[in-house]
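# Report on the structure
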Amino acid sequence: MPDDPYANPPRLPEDEVDLPTLLKGAGPLELEIGPGRGAFILERAAECPEHRLVGLEIRRKYACLVDAKLIELGMGERARVFAEDARLALPRMRPDGCLDRAFILFPDPWWKKKHQKRLVVVDPVIEEVGRLLRDDGELFVVTDVPERADQYEERLSAAPFLAPAGDGPRIDHNPYGTARTNREKHAERDGLPVYRLLYRRRPR
Ligand SMILES: C[S@@+](CC[C@H](N)C(=O)[O-])C[C@H]1O[C@@H](n2cnc3c(N)ncnc32)[C@H](O)[C@@H]1O
């Protein structure tokens, strides 16, 4: 049996995770849940050289490859991807209010009822993200599935600690520079619609 090249993925500390000291620097702290093949976190880190970014990716292979790429590009001290299930890692993260921004981009590729338990945009995760966001911090959720966008909007708008960034949460453009996820690049290339929701953490 060949050796598993992804047997030792980057992991977070097993107990409490102090986010501000996890990465070097003092710039804005951002979280991406499910970076997948990593185009967004790689491009965002390159575009915002002061920012610190943490990715949580459940697939060991992607976490290993994207984290190695960040290091290879010289950005590994302030941008990392850890092989973690966000649903388990978020409750260990501290302190409350430390995040400037959270990105959940094209999550939940699960359709079967038996896979419902894998969903990421669910109340416990939304609550943890809300706890970690600073006052007025941003939560950006994007999908290319219209029914999912409706579900997400209903769930996120019901969270008392979140407020739509504008008159409503839906925005028709990506407000974060030129960084795009792999999935968003495909959607743009194929001319497919993308649904974007932007919320702010209400002041505590
Ligand atoms: C549909 S893919 C989208 C990947 C990327 N965001 C993009 O837009 O190209 C969803 C990603 O979320 C990851 N994921 C799913 N559940 C997760 C969880 N509980 N914690 C961390 N990552 C998760 C998957 O492994 C996958 O890489």
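The following refers to the structure shown. Because the structure is a prediction, the values reported are computed rather than measured.

Sheet faces and side chains relate simply in a regular strand, where the side chains alternate between the two faces. Summarising burial for strand β7 (residues 133-143): eight of the 11 residues are buried, a large majority. Of the strand pairs in this sheet, strand β6 (residues 99-105) and β7 are connected by six bridges, and their pairing is parallel. If you follow Leu105 over to β7, its bridge partner there is Val142. Viewed along the sheet, the connection from β6 through helix α5 (residues 123-132) into β7 turns out right-handed. Relative to strand β10 (residues 195-201), β7 runs antiparallel, the two sharing six bridges. Across the sheet, residue Phe140 finds its bridge partner in β10, namely Leu198.

Our next topic: the pairing of strand β3 (residues 52-57). Counting buried positions along β3 yields six of six residues, so the element is predominantly enclosed. Of the two faces of β3, the one lined by Arg52, Val54 and Leu56 and the one lined by Leu53, Gly55 and Glu57 are each fully buried. Pairing of strand β2 (residues 29-33) with β3 involves five bridges; the strand directions are parallel. Bridge pairing in β3 places Leu31 opposite Val54. Each parallel crossover has a hand, and the one from β2 via helix α2 (residues 39-47) to β3 is right-handed. Handedness of the crossover joining β3 and strand β4 (residues 79-83) through helix α3 (residues 60-72) is recorded here as right-handed.

Before going further, it helps to examine the site of the ligand. Among the 19 residues in the neighbourhood of the ligand, the closest are listed as Gly34, Glu57, Ala86, Leu105 and Thr181. Asp85 places a side-chain nitrogen or oxygen 2.9 Å from a nitrogen atom of the ligand. Only β3, α4 (86-89) and α7 (182-190) provide two or more residues apiece to the shell around the ligand. Residues of the shell around the ligand, tallied by class, amount to nine nonpolar, four polar and six charged.

A cluster of basic residues, Lys112, Lys114, Lys117 and Arg118, forms a positive patch at the surface. Tracing the backbone through its elements, the reader meets Lys114 in the loop between β6 and α5.

Turning our attention to the pattern of salt bridges. Using the criterion set out here, one finds 23 salt bridges in the structure. Among the salt bridges present, the one from Asp85 reaches Arg87, with a minimum N-O distance of 2.7 Å. One salt bridge in this structure joins Arg180 and Glu184, with 3.8 Å as the shortest N-O distance. Across the pair, Glu184 and Arg180 agree in class, each one buried.

Looking at where Arg148 falls in the secondary structure, it is placed in helix α6 (residues 146-158). We note that Arg148 is buried and unpaired, the nearest opposite charge coming from Asp108 at a distance of 4.7 Å. Apart from residues lying up to four places away in sequence, Arg148 is in contact with Asp108, Trp110, Trp111, Leu119 and Thr143.

This paragraph deals with α5. With seven of 10 residues buried, α5 lies mostly within the body of the structure. Among all positions in α5, only Val125, Ile126, Glu128, Val129, Gly130, Arg131 and Leu132 are buried.

Before going further, it helps to examine α6. Each α-helix winds once per 3.6 residues, and so residues spaced three or four apart point in a common direction. Taking 1.5 Å per residue as the helical rise, α6 with its 13 residues ought to reach 18 Å, and the 18 Å between its terminal C-alpha atoms agrees with that figure. Every buried residue of α6 is listed here: Arg148, Ala149, Tyr152 and Leu156. Viewed along the axis of α6, the buried residues span an arc of 100°, placing them on a single side of the element. Exposed residues pointing more than 90 degrees away from the buried face of α6 are listed as Glu147, Glu154 and Ala158. Against α5, β7, β8 (162-164), β9 (170-171) and β10 lie the buried residues of α6.

Reading the values: rules and limits
- Residues numbered from 1 in each chain as written.
- Predicted model: local features only at pLDDT ≥ 70, side-chain atom pairs only at ≥ 80, totals over all residues.
- Heavy atoms only, no water.
- Buried < 20%, exposed > 50% of the residue type's maximum accessible area, 1.4 Å probe, protein only.
- Helix = DSSP H or I, 4+ residues; strand = E, 2+ residues; numbered from the N terminus.
- Pairing = 2+ DSSP bridges.
- Right-handed = clockwise from strand over helix to strand, strands pointing away.
- Near = heavy atom within 4 Å.
- Polar contact = N/O pair within 3.5 Å; in protein donor to acceptor, adjacent residues only side chain to side chain.
- Nonpolar A, V, L, I, M, F, W, Y, C, P; charged D, E, K, R; others polar.
- Patch = residues over 30% accessible without salt bridge, like charges linked within 9 Å, V, L, I, M, F, W, Y side chains within 5 Å.
- Areas by Shrake-Rupley, 256 points an atom, 1.4 Å probe, with all protein chains shown as cover.
- Salt bridge = Lys/Arg side-chain N within 4 Å of Asp/Glu carboxyl O.
- Lys, Arg positive; Asp, Glu negative; His and termini not counted.
- Charge placed at Lys NZ, Arg CZ, Asp CG, Glu CD.
- Contact = heavy atoms within 4.5 Å.
- Expected span 1.5 Å × (residues − 1).
- Arc of directions from axis to C-beta.

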